[in-house]
Amino acid sequence: MALAADGVSYSRTVRDHIERGVGIPRELYLSQELFAEEMTGIFGRSWLYAGHESQLTQPGQYLTVECGTESVIVARARDGRLTAFSNVCRHRGARLVDPGCGIKQRFVCPYHQWTYRLDGTLQGAPRMPDSFDPGSFPLPTAHVEVWHGLVFVHLGEAAPEPIAELLGTGDALMGAFGIAKTRVAHTISYQVEANWKLVWENAQECYHCNVNHPELIRAFDVAGLNATGRLETKSSPSLDPRVAHGRFPLRPGAVSLTLDGQYASCKPLGAFGGGLEPYTASIHLKPTFALVGCPDYAVVLSERPVSVDCTEVRMSWLVRDDAVDGTDYDLDTLAKVWDETNKQDWGLCERAQLGVRSQSYVPGPLSVDETAVVDFYRAYANLLEAQDL
Ligand code: FES
Ligand SMILES: [Fe+2]
């Protein structure tokens, strides 16, 4: 069992702090040893958001997913299946492709040109002995599944709980947005100089919103959220503390999370095109993924720790698959609220990271508006405990 500095397990330490109603100790944001354990034991065994299916429609289209020292290629194979396999050559280990996306006929290692098919099997290798059997050197596969058009990979060896089951309690609430019939209009990657847990904690609470998010609160009703927690409608809460979903209350007259509360895209998503009363809602899968749906657009957030004090957060804006940039929506207007809110949030996370580095920092008591932070701590304690940490 891995122990925090005082000889108590990390999970026990987190639970003690939950019971005392305070934040978690500073060491948990700073320990290189714990960070290494989190990467293999938590992120290496979680569903990771890879991208939207619309980015992988043609055979040979691929994208990469990075997780600590690991890199995975997700590709559309010739037979139409989605496949996921290691981005590490079976010869002498070179990365096959750079991080990002593209389209290929086959994956040729840049080092000595071992050549892999779109399903990760080895097609051939130059100047190998007659006894060499390419069939014996496929790239190791990863699990890949799709939920409402969103593609996820899982790097664990054992078969994980299907993503559709894990997120299934959110189907009724999030299904209205027709996410499978959207496309990626825009993506921004942010580097946040803060531990990944500070980024998640920040995303859980709106105790900070009124003062720090002037653009967001024009349409978003913070008092409504804080009064009721995330309003559950149509679906039961998940029993898994990693999963949370609920509505985002809007101010009177607002129909979308935009600067003026009105639609940014004139092509409504999913059931909203058929007259469903507008609402906004979100679903989280801690600690890797969040989706926020509005009647006219959606955003996907995915989080990837880079180091103990740096986290990459990627946000993609989704619009209906037939919405045309410049005609049906203006990209600047579409992206504005979340881009501004994100940058404000990252500034707060970085400020908190600076503070927890100080010897003087002792976690203080949490507000009644921070109950979802405690939910995050519970989920985190369970993830630690599952790894005997
Ligand atoms: S390392 Fe890939 S072909 Fe040699
Ligand atoms: Fe925020």
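Here the structure is a predicted model, which means the values were calculated and not measured.

Undergrad: Explain the state of the cysteines residue by residue, including any values.
TA: Enumeration according to the criterion identifies one disulfide in this entry. One disulfide in the model links Cys 206 with Cys 209; its S-S distance is 1.9 Å. Between Cys 206 and Cys 209 the disulfide shows an S-S torsion of about -90°. By sign, it is left-handed. Taken as a pair, Cys 206 and Cys 209 share a single burial class, namely buried.

Undergrad: Lay out the domain arrangement of the chain in plain terms, naming residues and giving numbers.
TA: When the domains of the chain are assigned, the result is domain 1 (47-154) and domain 2 (167-362). For domain 1 and domain 2, the distance between their C-alpha centres works out to 30 Å. Taken together, the contacts link twelve residues of domain 1 with 18 residues of domain 2. Taken together, both faces of the contact between domain 1 and domain 2 bury some 1,300 Å²; the carbon and sulfur share is 70%. A per-residue breakdown of the area domain 1 buries against domain 2 is headed by Tyr 49, Trp 147 and His 148, which together make up 45% of the total. Of all the elements, strand β1 (residues 47-52) adds the most residues to the side of domain 1 that touches domain 2, at four residues. The residue inventory of the side of domain 1 that touches domain 2, partitioned by class, reads six nonpolar, five polar and one charged.

Undergrad: Describe the coordination of the iron ion (ligand 2), listing the residues and the values that go with them.
TA: Protein coordination at the iron ion (ligand 2) comes from His 208 (NE2), His 213 (NE2), Asp 345 (OD) and Asp 345 (OD), with a distance range of 1.9 to 2.6 Å. Taken together, the four donor atoms coordinating the iron ion (ligand 2) span angles of 56 to 148° at the metal, a pattern that classifies the geometry as irregular.

Undergrad: Before we move on, could you go through the packing of aromatic side chains and cite the residues and values that matter?
TA: Applying the stated criterion across every chain yields a total of 19 aromatic pairs. With 5.5 Å between their ring centres and 80° between their planes, Phe 177 and Tyr 279 make a pair best called edge-to-face. Highlighted residues: Phe 177 in the loop between α5 (171-175) and β11 (182-192) and Tyr 279 in the loop between β12 (243-247) and β13 (281-285), separated in sequence by 102 residues. Across the pair, Tyr 279 and Phe 177 agree in class, each one buried. Ring centres of Phe 376 and Tyr 377 lie 6.2 Å apart, and the angle between their planes is 50°; on these two criteria the pair is classed as tilted. Here Phe 376 and Tyr 377 have matching classes, each one buried. Through a chain of ring-to-ring contacts, the aromatic side chains of Phe 43, Trp 196, Trp 200, Phe 376, Tyr 377 and Tyr 380 assemble into a single cluster. For the cation-ring pair, Arg 247 lies above Tyr 279, with the distance from its terminal atom to the ring centre recorded as 4.1 Å.

Undergrad: Please give an account of empty space enclosed by the protein that cites residues and values.
TA: Left-over empty space is what a probe sized like a water molecule reveals as it rolls over the atoms. If you walk through the whole model with that rule in mind, you get two cavities of 30 Å³ or more. Along its surface, the largest cavity is lined by 30 residues, and Ala 203, His 284, Leu 301, Trp 338 and Asp 345 are the ones closest to its centre. A class-by-class count of the residues in the lining of the largest cavity yields 16 nonpolar, ten polar and four charged. As a volume, the second largest cavity reaches approximately 40 Å³. Lining the second largest cavity are Ser 46, Trp 47, Leu 166, Arg 242, Leu 285, Lys 286, Pro 287 and Thr 288. Each residue belonging to the lining of the second largest cavity can be placed in one class, and the counts come to four nonpolar, two polar and two charged.

Reading guide: rules and limits
Residues numbered from 1 in each chain as written. Chains lettered and ligands numbered in written order. Predicted model: local features only at pLDDT ≥ 70, side-chain atom pairs only at ≥ 80, totals over all residues. Heavy atoms only, no water. Disulfide = S-S within 2.5 Å. Buried < 20%, exposed > 50% of the residue type's maximum accessible area, 1.4 Å probe, protein only. Domains from an automatic or database assignment. Contact = heavy atoms within 4.5 Å. Buried area = accessible area lost by both parts, 1.4 Å probe. Helix = DSSP H or I, 4+ residues; strand = E, 2+ residues; numbered from the N terminus. Nonpolar A, V, L, I, M, F, W, Y, C, P; charged D, E, K, R; others polar. Donors = N, O, S within 2.8 Å, 3.2 Å for Na, K, Ca; no water. Tetrahedral: all angles 85-135°; square planar, octahedral: opposite > 155°, others 65-115°. Phe/Tyr/Trp six-rings, centres within 6.5 Å; stacked < 30°, edge-to-face > 60°. Lys NZ or Arg CZ within 6 Å of the ring centre and 35° of its normal. 1 Å grid on protein atoms, 1.4 Å probe; cavity = no way out; pocket = protein on both sides within 12 Å on 5 of 7 lines; lining within 4 Å. Points joined across faces, edges and corners; volume = space filled by probe spheres on them.

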